[in-house]
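# Observations on the model geometry
Given next are the chains, with one letter for each unit.
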Amino acid sequence: MENKKIIIIGSGPAGLTAAIYAARANLSPIVFEGFQAGGQLTMTTDVENFPGFPEGVQGPQLMDMLREQAKRFGAECIMKNVDSIDFDNYPYTLQVGKQYYKTFSVIIATGASAKLLDIEGEENLMGRGLSTCATCDGFFYKDKQIHVIGGGDSAMEEAIFLTKFASKVTIVHRRSKLRASKIMEDRARSNPKIEFMFNYSPIKFLSSSSGVLDGIELKNNQDSTIKNVKSDGVFVAIGHNPNTEIFKDSVEIDTNGYINTFNKSSKTSVKGVFACGDVQDSVYRQAITAAGSGCMAAIDAERFLEEGLTE
Ligand code: NAP
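Quick caveat, the model's predicted, so the values are computed rather than measured.

Moving on, we come to the domain arrangement of the protein chain. Assigned domains within the protein chain: domain 1 (3-113 + 240-310) and domain 2 (116-236). Between the C-alpha centres of domain 1 and domain 2 there is a distance of 32 Å. On the side of domain 2, six residues touch domain 1, which itself brings six residues to the contact. Here domain 1 meets domain 2 over a buried area of about 660 Å², counting both sides, of which 46% is carbon and sulfur. The tally of links between domain 1 and domain 2 comes to zero residue pairs in polar contact (both at pLDDT 80 or more). Partitioned by chemical class, the residues of the side of domain 1 that touches domain 2 number one nonpolar, two polar and three charged.

Moving on: the packing of aromatic side chains. In this description, an aromatic ring pair is defined by two values, namely the gap between the centres and the angle between the planes. By the definition in use, this model includes 11 aromatic pairs. Taken together, a centroid distance of 5.0 Å and an interplanar angle of 80 degrees make the contact between Y90 and Y92 edge-to-face. Centre to centre, the rings of F139 and F140 are 6.4 Å apart; their planes meet at 75 degrees, and the pair counts as edge-to-face. For F140, a relative accessible area of 34% corresponds to the partly exposed category. Three or more aromatic residues joined by ring pairs form one cluster here, namely F87, Y90, Y92 and F104. Here R24 stacks its cationic end above the ring of F73, 5.1 Å away from the centre of that ring. Positioned over the ring face of F196 is R189, at 5.1 Å from the centre of the ring.

Basis of the calculations
Residue indices begin from 1 for each chain and proceed along its sequence in written order. Given that the model is predicted, a residue must reach a pLDDT of at least 70 before its local features are reported, and side-chain atom pairs must reach 80 or more before they are shown or counted; all residues, however, enter totals for whole chains, interfaces and linings. As a convention, hydrogens and water are excluded, and side-chain values are obtained from all of the structure's heavy atoms. Throughout the structure description, domain borders are defined by an automatic or database domain assignment. We call two residues in contact whenever any of their non-hydrogen atoms come within 4.5 Å of each other. Joining two parts hides part of their accessible area as seen by a 1.4 Å probe, and the buried area is that hidden amount summed over both. Residues adjacent in sequence count toward polar contacts only when both atoms are side-chain atoms; beyond that, a polar contact is any pair of N or O atoms within 3.5 Å, and within protein one must be able to donate a hydrogen and the other to accept it. Each residue is assigned to one of three groups, with Ala, Val, Leu, Ile, Met, Phe, Trp, Tyr, Cys and Pro labelled nonpolar, Asp, Glu, Lys and Arg labelled charged, and all others, Gly among them, labelled polar. When two rings of Phe, Tyr or Trp (its six-membered ring) have centres within 6.5 Å they constitute a pair, described as stacked for plane angles under 30 degrees, edge-to-face for angles over 60, and tilted for the intermediate range. The rule is simple: take the accessible area with a 1.4 Å probe, protein chains only, and divide by the maximum for that residue type; under 20% is buried, over 50% is exposed, in between is partly exposed. Two conditions define a charge sitting above a ring: the NZ of Lys or the CZ of Arg must be within 6 Å of the ring centre, and it must be within 35 degrees of the ring normal.

Right, here's the structure in full:
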């Protein structure tokens, strides 16, 4: 089995930017793209905040361009999931289906997935009035009446951000007490455009005849009555799950499941293993910050490979 210099796991903006830099450094990276190649951006439509695209760019198109750029310099992109990794023995071994790959360094860029409600209409209406990212899609809701689902800091943050565009934002929370921090709750409560619907759980997203979101069917958790509300847009903000399933026993993660990186670098707790993008970032979670951290990871990996595994 040939030893690879670098294997990148994940193909969002972080993984593909790492691939561009690693390929240009002649490290011949392999990128395991996963089954949803391109990551979360492939689920969005217009991306208007990625620098360099004054007219905006479609999320899937941006990811195709990044992939082509990485391939042009020799990155090999494989649309497969990594099943397991052995970080106990060096070079490290990755299992991909029935195949094994040995590598001197690994960049983890597996991203995070927005938690979803898993209710009727959710899958079909995603991107058609239903979103999980206010920063990405808020702009499309100028003067609209929208709803945010969730009662944590993410929901408060999304709702406050959305008041820049919407005429009214209603936060729908399943309990009567918010989970959000006091400061975020206070900010949301004092915002004149924000209203609350407590003790309601969405049970169905309603579609118009043209196939866009029209409203939400809600259940009152106190008396079990059902009520339909009209909505121009719904943002599901019930948290994110970093995709760390195969690393969580071998790489240090924080209490929310995100990979810890150290000393303002992409270095993880395992030598020669670097992390970038949303899998290590619960704060910014933007395509451009993910791309920036992918660049950092490739540079850190290149320096590590020059020095070799010490001790
Ligand atoms: P979170 O704290 O886990 O809150 C998730 C919210 O969604 C909870 O209110 C929960 O309801 C609700 N929820 C979960 N599953 C649901 C379902 N199936 N149906 C309806 N509601 C559901 O997640 P988060 O808000 O993303 O925050 C995660 C971490 O990041 C926290 O530590 C937070 O402080 C941090 N964060 C900080 C900031 C900031 O400070 N600016 C911004 C964002 C996130 P229950 O309350 O009933 O469980």
